[in-house]
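The chain contents come next:
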Amino acid sequence: MFETTVEDGVCQVRREGANWLSTAWDGGYRTADAVYNVTVPEGFERTDLDAYRAERLSATGFPLGPALLTGVHMEHARCVRSGPVSVLATAGLSNPAALPMSGEGTADDSDGTASNPADSPDWRPGTVNLVVGVDRALDSGALATLLATAVEAKAATLLDAAGVPGTTSDAAIIGCVPSAESAPFAGSATEIGAAARVCVRDAIRSSLAARYDGDSLPTVDDAAYGVVTDRETEVFEP
């Protein structure tokens, strides 16, 4: 079973000998006993992220491992479990990223970003971060499929809640247990995929409810750092 512990703004998700797939700055496939979701302070501007992670984990006494960063406080983190799947989510929407289906956006800039882009000097990430753990052995392809399944569930949940599929800085870490029962697939129709979908949905909803406490969720128009992707494309036959 994946275990969670919070210490000084750092949430550890631990499972000895687990394999992980991360979309963070140093992401990829890793083997580690624990991964982390770390709250950064307001005005965070560090770019030496490896060193920053080492400092934060050392301060808590946690061993090094893959990590996600967020502007959301860990008091708003929520965990959900269903069958073999556990999900941790922190959800903030200060930087929503809209993708209009009409092909006609409303962004101010020709490159598809709003007037307050995410590379602004005072940008603070809202971020929807997910850590998904499954007590099954998955090969690298199935682990990647589970990542896609979780991200699809995140997008569906946020579209329903806030009208956007994500933010400009969403990230996820997906983990499995090599010594556990093997599962060849992790798509939406499988036991693992179905459990992951509902866990992601309920963890994000619960984190949003904790973060905004009954207030209306930010929209692209009123969020401090929202973006609308309205680039032009060329459609052609293969």
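Residues numbered from 1 in each chain as written. Predicted model: local features only at pLDDT ≥ 70, side-chain atom pairs only at ≥ 80, totals over all residues. Heavy atoms only, no water.

- Looking at an unreviewed UniProt entry, the protein chain carries the name Cobalamine operon protein, with the source organism given as Haloarcula hispanica.

1. Points about the overall build of the protein chain
So, point 1. Of regular secondary structure, the protein chain possesses three helices and eleven strands.
So, point 2. Put simply, the protein chain runs from its N terminus to its C terminus through helices and strands in the order β-β-β-α-β-β-β-β-β-α-β-β-α-β.
So, point 3. At a minimum sequence separation of 6, the contacts of the protein chain that also span at least 24 residues come to 77%.
So, point 4. Carbon and sulfur atoms form 48% of the exposed surface of the protein chain, whose accessible area is close to 11700 Å². (Helix = DSSP H or I, 4+ residues; strand = E, 2+ residues; numbered from the N terminus. Contact = heavy atoms within 4.5 Å. Areas by Shrake-Rupley, 256 points an atom, 1.4 Å probe, with all protein chains shown as cover.)

2. Description of the packing of aromatic side chains
So, point 1. For the structure on display, the rule yields three aromatic pairs.
So, point 2. Sitting over the ring of F2, R15 keeps its end group 5.9 Å from the ring centre.
So, point 3. The ring of Y212 is capped by R211, whose NZ or CZ atom sits 4.6 Å from the centre of that ring. (Phe/Tyr/Trp six-rings, centres within 6.5 Å; stacked < 30°, edge-to-face > 60°. Lys NZ or Arg CZ within 6 Å of the ring centre and 35° of its normal.)

3. Some details on the nonpolar core
So, point 1. V85, L138, L146 and I204 are the most contacted members of the largest nonpolar core, which has 38 residues in total.
So, point 2. Elements that contribute at least two residues to this core include exactly β6 (85-91), β8 (128-134), α2 (140-162), β10 (171-176) and α3 (191-212).
So, point 3. When residues of this core are assigned to their parent elements, the largest contribution, nine residues, is made by α3.
So, point 4. The contact partners of L138, leaving out residues within four places of it in the chain, are L143, L146, C176, A183 and I192.
So, point 5. Counting 16 residues, the second largest nonpolar core, distinct from the first, contains V35, L68, A77 and A171. (Core = buried A, V, L, I, M, F, W, Y, C linked by side-chain atoms within 4.5 Å. Buried < 20%, exposed > 50% of the residue type's maximum accessible area, 1.4 Å probe, protein only.)

4. Thoughts on the pattern of salt bridges
So, point 1. Under the defined criterion, the tally for this structure stands at eleven salt bridges.
So, point 2. Between R15 and D135 there is a salt bridge, with the nearest N and O atoms lying 3.1 Å from each other. Residue R15 is found in strand β2 (residues 10-22), and its partner D135 is found in the loop between β8 and α2; the two are separated by 120 residues along the sequence.
So, point 3. In this structure, the salt-bridge partner of R205 is D160, at a minimum N-O distance of 4.0 Å. Here R205, found in helix α3, pairs with D160, found in helix α2; they are 45 residues apart in sequence, far enough to count as distant.
So, point 4. In this structure R205 comes out as partly exposed when scored by relative accessible area, which is 44%.
So, point 5. Salt bridges linked by common partners bring D26, R30, D50 and R53 together as one network. (Salt bridge = Lys/Arg side-chain N within 4 Å of Asp/Glu carboxyl O.)

5. A few points about unusual backbone geometry
Glycine aside, negative phi is the norm for most residues, and most peptide bonds take the trans geometry.
So, point 1. The backbone of D8 sits at a positive phi, close to 50 degrees, despite the residue not being glycine.
So, point 2. For D8, the location among the structural elements is in the loop between β1 (3-7) and β2.
So, point 3. On the basis of relative accessibility, which here comes to 56%, the residue D8 falls in the exposed class.
So, point 4. Unusually for a residue other than glycine, D213 sits at a positive phi of about 50 degrees.
So, point 5. Tracing the chain through its elements places D213 in the loop between α3 and β11 (227-228).
So, point 6. The exposure class of D213 is exposed, given its relative accessible area of 64%.

6. Thoughts on the pairing of β8
So, point 1. Within β8, seven of the seven residues are buried, leaving the element largely enclosed by the surrounding structure.
So, point 2. Here β8 shows no split at all, with V128, L130, V132 and V134 on one side and N129, V131 and G133 on the other all buried.
So, point 3. Summarising the sheet, β6 and β8 pair through seven bridges and their orientation is antiparallel. By the bridge assignment, V85 is partnered in β8 with V134.
So, point 4. Examined bridge by bridge, β8 and β10 share six bridges and lie parallel to one another. Each bridged residue has a counterpart across the sheet, and for N129 the counterpart in β10 is A171. (Pairing = 2+ DSSP bridges.)

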